[in-house]
Amino acid sequence: MIDRRPMAFAAGGTYGQQENGLISAVDPVTYDVKVKVMPGGVETGWLPFAAVQVGDLCISCPPNVGAQVHLLPVCGDPEHSVVAAPVFCTVMSPPVSPATGKVAQPGEYLLMAGCGAPPVDETSRERGEAASAAPWMHITRDALYSGAGDVTTATIQDGRHQWKVGGVTATLSASGFDVSGGNMTTDQDVKAGNISLTGHVHSNGNKGENTEGPIG
């Protein structure tokens, strides 16, 4: 069966075109949005916002009010559009990775929260204040980075897993576990082989009785 609506819209000069707009309202439950179409600022009704992934694996990421988006008419019908995707612009530019100090390069994936919300007023060019300790994740060809702000980071690279918190660094690799810049504490025992740190005794060379366990 042929859908003749696009031909009717084209014949009547009402075939819908791709348009740009700014999100004016968001319903995260239904995943619908309203958009002020630019130029002019005419607000649409509720339209579906295109998801990144729907199915056994779901990715939910509702847009902010003020985000710039593309609208695509369904079958050329200007009354029924899908908000296809948000786009970066001069106000909302791509974020800079705390791991590399650069924006994500081709073949990489950068996820950052707390970047600062877009302006709610379409005449403004001031984005919201960015969070200083928001979580992020950056996947490159060689490493997986994650963290919260630029003080707490985790890196998986070259057969090692490294964590940094302030001036303390902990590294797990094939050669073992190393901690520098801070103390190691535990409320349980520490063992080297079968030797307990809290339960071992000191021998006096078999010339008498062994000492008791370490003094707590």
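Before going into details, it helps to say that this report is about the structure given with it. (Residues numbered from 1 in each chain as written. Predicted model: local features only at pLDDT ≥ 70, side-chain atom pairs only at ≥ 80, totals over all residues. Heavy atoms only, no water.)

## Describing the overall build of the chain
Right, so step 1: Check the secondary structure of the chain and you find one helix and 15 strands.
Right, so step 2: Scored against the burial criterion, the 216 residues of the chain give a buried share of 22%.
Right, so step 3: Put simply, of all contacts in the chain between residues at least 6 apart along the chain, 33% involve residues at least 24 apart.
Right, so step 4: When the accessible surface of the chain is totalled, it reaches about 14,900 Å², and 56% of it is carbon and sulfur. (Helix = DSSP H or I, 4+ residues; strand = E, 2+ residues; numbered from the N terminus. Buried < 20%, exposed > 50% of the residue type's maximum accessible area, 1.4 Å probe, protein only. Contact = heavy atoms within 4.5 Å. Areas by Shrake-Rupley, 256 points an atom, 1.4 Å probe, with all protein chains shown as cover.)

## Details of the pairing of strand β13 (residues 176-180)
Right, so step 1: In this structure, strand β12 (residues 168-173) lies alongside β13, joined through five bridges in antiparallel fashion. Following the sheet pairing, L172 is matched in β13 by F177.
Right, so step 2: Counted along the chain from β12 to the antiparallel partner β13, the turn is two residues long. (Pairing = 2+ DSSP bridges.)

## Looking at the nonpolar core
Right, so step 1: One finds I23, Y31, V33, V35, V37, L47, F49, A67, V69, L71 and V83 forming the largest nonpolar core, which totals eleven residues.
Right, so step 2: Going through the elements one at a time, β2 (32-38) and β5 (68-74) are the ones with two or more residues in this core.
Right, so step 3: It is β2 that provides the largest number of residues to this core, a total of three residues.
Right, so step 4: Each residue touching L47, except ones within four places of it in the same chain, is listed here: Y31, D32, V33, L71, S81 and V83. (Core = buried A, V, L, I, M, F, W, Y, C linked by side-chain atoms within 4.5 Å.)

## A look at the sheet that holds β12
Right, so step 1: Across the sheet, which stays open at both edges, the seven strands sit in the order β7-β8-β9-β10-β11-β12-β13 with antiparallel pairing between neighbours. Where the open sheet ends on each side, the last strands, each with one partner, are β7 (109-112) and β13. Going across the sheet, the axis of each strand differs from the next one's by a mean of 10°, ignoring polarity.
Right, so step 2: Where β7 and strand β8 (residues 135-139) come together, four bridges link them in antiparallel fashion. Of the residues in β8, the one forming a bridge with Y109 is I139. (Axes fitted to C-alpha atoms, helices over the stretch in contact; angles between N-to-C directions.)

## Digging into the side chain of T169
Right, so step 1: The topology assignment puts T169 in strand β12.
Right, so step 2: Once residues lying within four places of it in the same chain are set aside, the contact partners of T169 are Q162, W163, K164, D178, V179 and S180.

## What about unusual backbone geometry?
In most cases, non-glycine residues show a negative phi, while peptide bonds are predominantly trans.
Right, so step 1: Cis geometry marks the peptide bond from M38 to P39, where omega comes out at -5°.
Right, so step 2: On the secondary structure map, P39 appears in the loop between β2 and β3 (42-43).
Right, so step 3: Here the phi dihedral of Y31 falls at roughly 65°; this positive angle occurs in a residue that is not glycine.
Right, so step 4: If you trace the backbone, Y31 turns up in the loop between β1 (19-27) and β2.
Right, so step 5: Unlike most non-glycine residues, D158 shows phi in positive territory, near 50°.
Right, so step 6: Along the chain, D158 falls in the loop between β10 (152-157) and β11 (160-165).
Right, so step 7: Residue classification places D158 among the exposed positions, given a relative accessible area of 70%.

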